[in-house]
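# Overview (structure and organization)
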Amino acid sequence: MVTKEEIEHIVKLMRIDVDDPGQYFDRIQKILNYFDNLDKADIEDEEIMVQEVTVDELRDDIHVPFDSRLIDQLKNYKGRYIRAPKMN
């Protein structure tokens, strides 16, 4: 189980501007509970379908040079950081 203090600590580490980190407590708890449900699923006997591909069927690995710096083309690039959209 995650605590509100852990959420506040992660917000500080990620340098995210959040007014109230506690408002994300329920969301994070739901996500963790969902992963607990996935862990409890009994899939040991399930067979996983795998598509086999030979080396001859793979594409050639060709280097294509990129002339300009990609980071300069970002809209929300400021200094050393990229501004991400707000979480709702």
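Residues numbered from 1 in each chain as written. Predicted model: local features only at pLDDT ≥ 70, side-chain atom pairs only at ≥ 80, totals over all residues. Heavy atoms only, no water.

In the nomenclature of an unreviewed UniProt entry, the chain is known as Aspartyl/glutamyl-tRNA(Asn/Gln) amidotransferase subunit C of Candidatus Nitrosotenuis uzonensis.

## Comments concerning the packing of aromatic side chains
Let me state the cut-off plainly: Pairing of aromatic side chains here covers Phe, Tyr and the six-membered ring of Trp, requires ring centres within 6.5 Å, and sorts the geometry by plane angle: under 30 degrees stacked, over 60 edge-to-face, intermediate tilted. Categorising residues by exposure relies on relative accessible area from a 1.4 Å probe, with only protein chains included: less than 20% of the type maximum marks a residue as buried, more than 50% marks it as exposed, and the intermediate range marks it as partly exposed. Criterion for a charge above a ring: Arg CZ or Lys NZ at most 6 Å from the ring centre, at most 35 degrees from the ring normal.
Within this structure, the stated rule accounts for one aromatic pair. Each ring, one from Tyr34 and one from Phe35, has its centre 6.4 Å from the other, and the planes form 70°; the classification is edge-to-face. On the basis of relative accessibility, which here comes to 46%, the residue Phe35 falls in the partly exposed class. Here the basic side chain of Lys4 rests over the ring of Phe25, its NZ or CZ set 5.6 Å away from the ring centre.

## Quick notes on a negative patch on the surface
Rules: In this analysis, a patch consists of residues with relative accessible area above 30% that form no salt bridge, clustered at 9 Å for like charges and at 5 Å for the nonpolar side chains Val, Leu, Ile, Met, Phe, Trp and Tyr. Only the protein chains shown count as cover for residues, and all accessible areas are computed by the Shrake-Rupley method using a 1.4 Å probe. Every case where a carboxyl oxygen of Asp or Glu lies within 4 Å of a side-chain nitrogen of Lys or Arg is listed as a salt bridge. Note that His is not counted, nor are the chain ends; the positive residues are Lys and Arg, and the negative ones are Asp and Glu. Where a charge lies is defined by one atom per residue type: Lys uses NZ, Arg uses CZ, Asp uses CG and Glu uses CD. The helix and strand labels rest on DSSP assignments: H or I over at least four residues marks a helix, E over at least two residues marks a strand, and numbering proceeds from the N terminus.
On the surface, Glu5, Glu6, Glu8, Asp17, Asp19 and Asp20 cluster together into a negatively charged patch. With respect to the helices, strands and loops of the structure, Glu5 is situated in helix H1 (residues 4–14).

## Some thoughts on unusual backbone geometry
Most of the time, phi is negative for any residue but glycine, and the peptide bond is trans. Phi is positive for Arg15, which is not a glycine, with a value near 55°. Within the secondary structure, Arg15 sits in the loop between H1 and helix H2 (25–40).

## What about the environment of Tyr81?
The following threshold applies: Two residues form a contact once any of their heavy atoms are found within 4.5 Å.
In this fold, Tyr81 is placed in strand E2 (residues 81–82). When residues no more than four places from it in sequence are discounted, the contact partners of Tyr81 are Arg15 and Asn76.

## So, the environment of Ile10
In this structure, Ile10 sits in helix H1. When the C-alpha positions of Ile10 and Pro21 are compared, they lie 9.4 Å apart, and in sequence the two are 11 residues distant.

## Quick word on the nonpolar core
Keep this limit in mind: Residues belong to a common nonpolar core when they are buried Ala, Val, Leu, Ile, Met, Phe, Trp, Tyr or Cys residues joined through side-chain atoms within 4.5 Å.
Residues Val2, Ile7, Val11, Val18, Tyr24 and Phe25 constitute the largest nonpolar core, which totals six residues. Leaving out residues up to four positions away in the same chain, Val18 has contacts with Val11, Gln23 and Tyr24.

## Details of the side chain of Gln29
The residue Gln29 is located in helix H2 in this model. By relative accessible area, which is 15% here, Gln29 ends up buried. Non-local contacts of Gln29, meaning those with residues more than four positions away in its chain, are made with Met1 and Val2.

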